[in-house]
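The chain contents come next:
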Amino acid sequence: MKVKKLLRAARARTRDGSRAMTAVSAVFFACGFLLLGLKDWDVGAFMMAALVPMALMLVNRLLARLIALDRLLMGMVNFLCALGILVLYRKDPALGLGQAANYAVGLGGMALCLLLMRWWGHLSRLTPLIALGSLLLMALPVFFGVEKNGAKAWLSVGGFGFQPSELVKVALLLIMATLLSRRKTVLAGLFALMCLGMLMLQKDLGTALLYYATALVLLFVSTGSLTLLAGGVAGSGVGAYIGYAMFAHVKRRVAIWQDPWEDFRGAGYQIVQSLVAMANGGLWGTGLGLGDAHYVIPEAQTDFIFAIILNEFGALFGLMVVALYILMFLRGIGIALAARGKFHTLLALGCTCLIALQAFVIIGGNIKLIPLTGVTLPFVSYGGTSLVSSLCVMGLLQGVANANAQGIREDSEIAELEGVLA
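Attention here is on the structure that accompanies the text. (Residues numbered from 1 in each chain as written. Predicted model: local features only at pLDDT ≥ 70, side-chain atom pairs only at ≥ 80, totals over all residues. Heavy atoms only, no water.)

## Details of the overall build of the protein chain
- Helix and strand counts for the protein chain stand at 16 helices and three strands.
- Since a compact globule built from 422 residues should have a radius of gyration of about 22 Å, the 22 Å found for the protein chain is in line with a globular shape.
- Dimensions of the protein chain, computed from C-alpha atoms along their principal axes, come out at roughly 80 × 50 × 40 Å.
- Counting the 422 residues in the protein chain, one finds 49% classified as buried.
- Relative to all contacts within the protein chain whose residues are 6 or more apart in sequence, the contacts with residues 24 or more apart total 70%.
- A distance of 9 Å separates the average location of the 32 positive side-chain charges in the protein chain from that of its 20 negative side-chain charges. (Helix = DSSP H or I, 4+ residues; strand = E, 2+ residues; numbered from the N terminus. Rg over C-alpha atoms; globule rule 2.2 N^0.38 Å. Buried < 20%, exposed > 50% of the residue type's maximum accessible area, 1.4 Å probe, protein only. Contact = heavy atoms within 4.5 Å. Lys, Arg positive; Asp, Glu negative; His and termini not counted. Charge placed at Lys NZ, Arg CZ, Asp CG, Glu CD.)

## As for the pattern of salt bridges
- Under the counting rule described, the total for this entry stands at four salt bridges.
- In this structure, the salt-bridge partner of glutamate 312 is arginine 90, at a minimum N-O distance of 3.0 Å. Highlighted residues: glutamate 312 in helix H13 (residues 305-313) and arginine 90 in helix H3 (residues 71-91), separated in sequence by 222 residues. (Salt bridge = Lys/Arg side-chain N within 4 Å of Asp/Glu carboxyl O.)

## Let's talk about the packing of aromatic side chains
- Counted under the stated rule, the structure contains nine aromatic pairs.
- Between phenylalanine 28 and phenylalanine 29, the aromatic rings sit 5.0 Å apart at their centres with planes inclined by 85 degrees, giving edge-to-face as the arrangement.
- Between the aromatic rings of tryptophan 41 and phenylalanine 46, the centroid separation amounts to 6.4 Å while the plane-to-plane angle is 50 degrees, which identifies the pairing as tilted.
- By relative accessible area, which is 66% here, tryptophan 41 ends up exposed.
- A network of ring pairs unites the aromatic residues Phe28, Phe29, Phe79, Phe313 and Phe317 as a single cluster. (Phe/Tyr/Trp six-rings, centres within 6.5 Å; stacked < 30°, edge-to-face > 60°.)

## Structural notes on helix H6 (residues 164-181)
- For H6, with 18 residues, the first-to-last C-alpha span of 26 Å sits near the 26 Å given by 1.5 Å per residue.
- Its axis deflected by about 30 degrees at valine 170, H6 carries its strongest bend there.
- One or two residues past the end of H6 sits arginine 183, with phi positive at roughly 65 degrees. (Expected span 1.5 Å × (residues − 1). Bend = angle between axes of the 7 residues up to and from the residue.)

## Focus: a nonpolar patch on the surface
- Taken together, Val43, Met47, Leu51 and Met54 make up a surface patch of nonpolar side chains, about 410 Å² in accessible area.
- With respect to the element layout, methionine 47 can be found in helix H2 (residues 43-66). (Patch = residues over 30% accessible without salt bridge, like charges linked within 9 Å, V, L, I, M, F, W, Y side chains within 5 Å. Areas by Shrake-Rupley, 256 points an atom, 1.4 Å probe, with all protein chains shown as cover.)

## Details of the environment of alanine 277
- Summarising the element assignment, alanine 277 is placed in helix H11 (residues 269-281).
- Sequence separation of alanine 277 and leucine 135 is 142 residues, and the distance between their C-alpha atoms is 40 Å.
- Setting aside its immediate chain neighbours within four residues, alanine 277 contacts Ala293, Ile297 and Asn311.

## So, the nonpolar core
- Ranked by size, the top nonpolar core spans 115 residues in total, and within it Tyr325, Met328, Leu347 and Phe379 carry the most contacts.
- The element contributing the most residues to this core is H3, with 14 residues.
- Here phenylalanine 379 is in contact with Val77, Leu80, Cys81, Gln99, Tyr325, Met328, Ile355, Leu387, Ser390, Leu391 and Met394, once residues within four sequence places are set aside. (Core = buried A, V, L, I, M, F, W, Y, C linked by side-chain atoms within 4.5 Å.)

## Focus: the pairing of strand S2 (residues 151-157)
- Inspection of the sheet shows strand S1 (residues 146-148) paired to S2 by two bridges, in the antiparallel sense. Looking at S2, one finds that valine 146 is bridged to tryptophan 154.
- Where S2 lies against strand S3 (residues 160-162), three bridges are found, and the strand directions are antiparallel. Paired with leucine 155 across the strands is phenylalanine 162, a residue of S3. (Pairing = 2+ DSSP bridges.)

## Examining unusual backbone geometry
- Unusually for a residue other than glycine, arginine 183 sits at a positive phi of about 65 degrees.
- Structurally, arginine 183 can be placed in the loop between H6 and helix H7 (185-202).
- For phenylalanine 379, which is not glycine, the phi torsion reads 75 degrees and is therefore positive.
- Secondary-structure assignment places phenylalanine 379 in the loop between helix H15 (342-366) and helix H16 (384-421).

## A look at the packing of helix H8 (residues 205-223) against helix H9 (residues 226-246)
- Contact pair H8 / H9: the axes reach a minimum separation of 9 Å and the direction vectors enclose 170 degrees. Overall, the two elements H8 and H9 adopt an arrangement that is roughly antiparallel. When H8 is examined against H9, the residues Leu205, Tyr212, Leu216, Leu219, Phe220 and Thr223 are found in contact with a partner set consisting of Leu226, Leu228, Leu229, Gly231, Gly232, Val233, Gly235, Ser236 and Gly243. (Axes fitted to C-alpha atoms, helices over the stretch in contact; angles between N-to-C directions. Parallel < 35°, antiparallel > 145°, perpendicular 65-115°, else oblique.)

## Section: the packing of helix H4 (residues 93-123) against H6
- Where H4 contacts H6, the axes come no closer than 13 Å and their chain directions differ by 20 degrees. When the axis of H4 is compared with that of H6, the two are roughly parallel. Regarding H4 and H6, the two cross each other, and that crossing is right-handed. Each of Cys113, Leu116, Met117 and Trp120 in H4 lies in contact with H6, whose residues at this interface are Val170, Leu174 and Thr178. (Left-handed = near helix turned anticlockwise from the far one by under 90°.)

## What about the sheet that holds S1?
- One open sheet accounts for three strands, arranged S1-S2-S3; its pairing is antiparallel. Only two strands of the sheet have a single neighbouring strand rather than two, namely S1 and S3. When strand polarity is set aside, the average angle formed by the axes of neighbouring strands in this sheet is 40 degrees.
- Its contacts with the sheet put helix H5 (residues 127-144) on S1 and S2, and the angle it makes with S2 is roughly 95 degrees.

Here is the structure:
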């Protein structure tokens, strides 16, 4: 009985925290869209002021009742997704509405991935077929891809563009966790290397960095080999040098990272405008709808959305966004540590590190901590495949959390039964 009381108390605290976060988020986004509506007398913004908070309430409460979720984790993800919709709507209402549609599709993908975790014990026998399909999908952009910003990573089908490497992220996590949990380290490493080879051929070094770092973390945690870790770090240095030597757009990005002012009207224009926008925002920001960074930064909706947030909301709000990613990372690590089996531990760790690494890479690029890469800010930047894949990764993590909760319930039932028999 004591175990059950403790479980009920823990669930109650989680629900209370989630409800408080949802309520604050709903008020924040309602006010944000109302401000945009009053600024331009935009009827669409007034409608979004009602629809976005309602969506947050429905997802955090109704969806959590239909499918077991980590409510606090979902609350943080929903806030970031809604922030992306607000900032994108501010730039262009069409972008905001498009991102809202992407969010709806992503929620469906998240639910499917969560349910997939319940059946993965039976479906894991399809791992070889999934790996083969993933490699074939990754190979398509090499031959039929559309080049953007130096990387040939996009496919266009019937006017609809998508990035296969974003979708394969989910398969990478599942396949590597499955193989490593069965001690098939060589096969797991070979699959990761083949994915990296495809990304190198696509010249998509930003995504290659995420794949490589995530795979290296999983391999090290699975084997505990410091030699493998040291070799992996050394290999990353070699790979970075090869990428720098082979690709002109990589040399250009390193050059503008070192001194963007040297060519501030050309290659360094975006970095310079990003730095100016963040500086103009100060601690409190210029105010929602009052900044001009949307117009002077060409890739504001994707690569530089964090700079836009700092420009209009301020550095303190930007620190809060960074804190959310840190809290998501810590929550994910907690889920990994609480997992019962090696597969669930590795999968939760992979999901957590992938999202955290991606956030670090793009935020670091915006503030000129590291060279800018062409990845998106998870849950915030514009992009259908990016948002859907990030929510699917979160669905896998939620599936592990669900399995952890189920294990705790079973343990409490066993403990209660043993108490009765005693």
